[in-house]
Amino acid sequence: MATPARQAATRVDWSALGGKLKPETVASVNAFRRRHTELTKTVTDLREQSATIDFSHYAKILKNQKVVADAEKAFKSFTPATYDLKEQLRAIEGQQKAAVTAAQKTAQKVNVEVDELKSLLNNIETARPVDQLTVEDVAKAYPDLDKTVEKMVKRGQWKVPGYYERFGDFIVGF
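Reading the values: rules and limits
Residues numbered from 1 in each chain as written. Predicted model: local features only at pLDDT ≥ 70, side-chain atom pairs only at ≥ 80, totals over all residues. Heavy atoms only, no water. Helix = DSSP H or I, 4+ residues; strand = E, 2+ residues; numbered from the N terminus. Rg over C-alpha atoms; globule rule 2.2 N^0.38 Å. Phe/Tyr/Trp six-rings, centres within 6.5 Å; stacked < 30°, edge-to-face > 60°. Buried < 20%, exposed > 50% of the residue type's maximum accessible area, 1.4 Å probe, protein only. Expected span 1.5 Å × (residues − 1). Polar contact = N/O pair within 3.5 Å; in protein donor to acceptor, adjacent residues only side chain to side chain. Salt bridge = Lys/Arg side-chain N within 4 Å of Asp/Glu carboxyl O. pLDDT = per-residue confidence, 0-100. Patch = residues over 30% accessible without salt bridge, like charges linked within 9 Å, V, L, I, M, F, W, Y side chains within 5 Å. Areas by Shrake-Rupley, 256 points an atom, 1.4 Å probe, with all protein chains shown as cover.

J.: What am I meant to see in the overall build of the protein chain here?
T.: Tallying secondary structure elements over the protein chain gives nine helices and zero strands in all. Overall, the protein chain shows an N-to-C arrangement of helices and strands of α-α-α-α-α-α-α-α-α. For the protein chain, the C-alpha radius of gyration of 38 Å lies well beyond 16 Å, the compact-globule estimate for 174 residues. Dimensions of the protein chain, computed from the C-alpha atoms along their principal axes, are close to 120 × 35 × 35 Å.

Right under this line is the structure:
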């Protein structure tokens, strides 16, 4: 029976995923997959190997029978340590959920930004050239500008603040 992680790994379209990620991320994922494949092969090979030791052979060769007896006793009494991985798996699942949530939020932000940029590009492509704009067009696009100009005229203010500092004085000489 396949584990959920293996089932998920078989459902992933790795080639399509590679096109959506940064090159560094793709390289890291591929290195991880390669390492996982190597380790899986190593574990399979080790499981297939025989783990029996012929202690009678060593008893015939070695003079010190006590060493052989102690080694055989230690080998037979050996039990591999078992670890409770539930906490680590829960932590990994939590990190995975957080990463997926962050990726989804980022994808949403990117999609909104792409839509805004498409709209901006469409506006740029369909806009009239600057030399064809009229004062009425500018006033319609920026209604506050008309009010600001009216206020400046009422005050008798004929110079735009900061204009001369930025662009200099334009004098036409005859």
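J.: I would appreciate a short explanation of the packing of aromatic side chains in the present structure.
T.: By the definition in use, this model includes one aromatic pair. For the pair phenylalanine 55 and phenylalanine 75, a centre-to-centre distance of 5.8 Å together with 55 degrees between the ring planes defines the contact as tilted. Taken as a pair, phenylalanine 55 in helix α4 (residues 55-61) and phenylalanine 75 in helix α5 (residues 65-77) lie far apart in primary sequence, 20 residues in all. A relative accessible area of 38% places phenylalanine 75 in the partly exposed class.

J.: Explain helix α8 (residues 143-155) to me, please; I cannot follow it from the model alone.
T.: Side chains that are three or four residues apart share a direction in an α-helix, a result of its 3.6 residues per turn. For α8, with 13 residues, the first-to-last C-alpha span of 19 Å sits near the 18 Å given by 1.5 Å per residue. Downstream of α8 by one or two residues, glycine 156 has phi in the positive range, about 80 degrees.

J.: I keep staring at the environment of serine 77 and nothing clicks. Help me out?
T.: Turning to its location among the elements, serine 77 is positioned in helix α5. Within polar-contact distance, the side chain of serine 77 engages the backbone oxygen of alanine 74 at 3.3 Å.

J.: Could you clarify how one ought to interpret the pattern of salt bridges in this entry?
T.: It is possible for side chains of opposite charge to pair when their charged atoms get near one another. In total, this model carries six salt bridges according to the counting rule given. As a salt-bridge pair, glutamate 72 and lysine 76 come within 3.0 Å of each other at their nearest N and O atoms. Taken together, the positions of glutamate 72 and lysine 76, both in helix α5 and four residues apart, correspond to about one turn of that helix. Given the relative accessible area of 26%, glutamate 72 is considered partly exposed.

J.: Can you walk me through the environment of leucine 62 in this structure?
T.: Along the chain, the position of leucine 62 falls in the loop between α4 and α5. Accessibility expressed as a relative area gives 40% for leucine 62, which makes it partly exposed. In the structure, leucine 62 is positioned 49 residues away from asparagine 111 in sequence and 74 Å away in space, judged by C-alpha atoms.

J.: How should I be thinking about the environment of asparagine 123 in this particular structure?
T.: Residue position: asparagine 123 is located in helix α6 (residues 86-126). Asparagine 123 sits 112 residues away from arginine 11 along the chain, and the two C-alpha atoms are 41 Å apart.

J.: I'm lost on the confidence of the model for the protein chain in this one. Help?
T.: Note that predicted coordinates carrying low pLDDT should not be read in detail. Confidence in the prediction of the protein chain, expressed as mean pLDDT, is 84, and 94% of residues score 70 or more. Per-element mean pLDDT across the protein chain ranges from 70 in helix α1 (residues 4-11) up to 92 in α6.

J.: Just checking my understanding: could you explain a nonpolar patch on the surface for this structure?
T.: Together, Val130, Leu133, Val138, Tyr142, Leu145, Val149, Val153 and Trp158 make up an exposed nonpolar region whose accessible area comes to about 820 Å². The greatest single-element share of the nonpolar patch, amounting to three residues, is contributed by α8. As for its position among the elements, leucine 145 is in helix α8. In this structure leucine 145 comes out as partly exposed when scored by relative accessible area, which is 43%.

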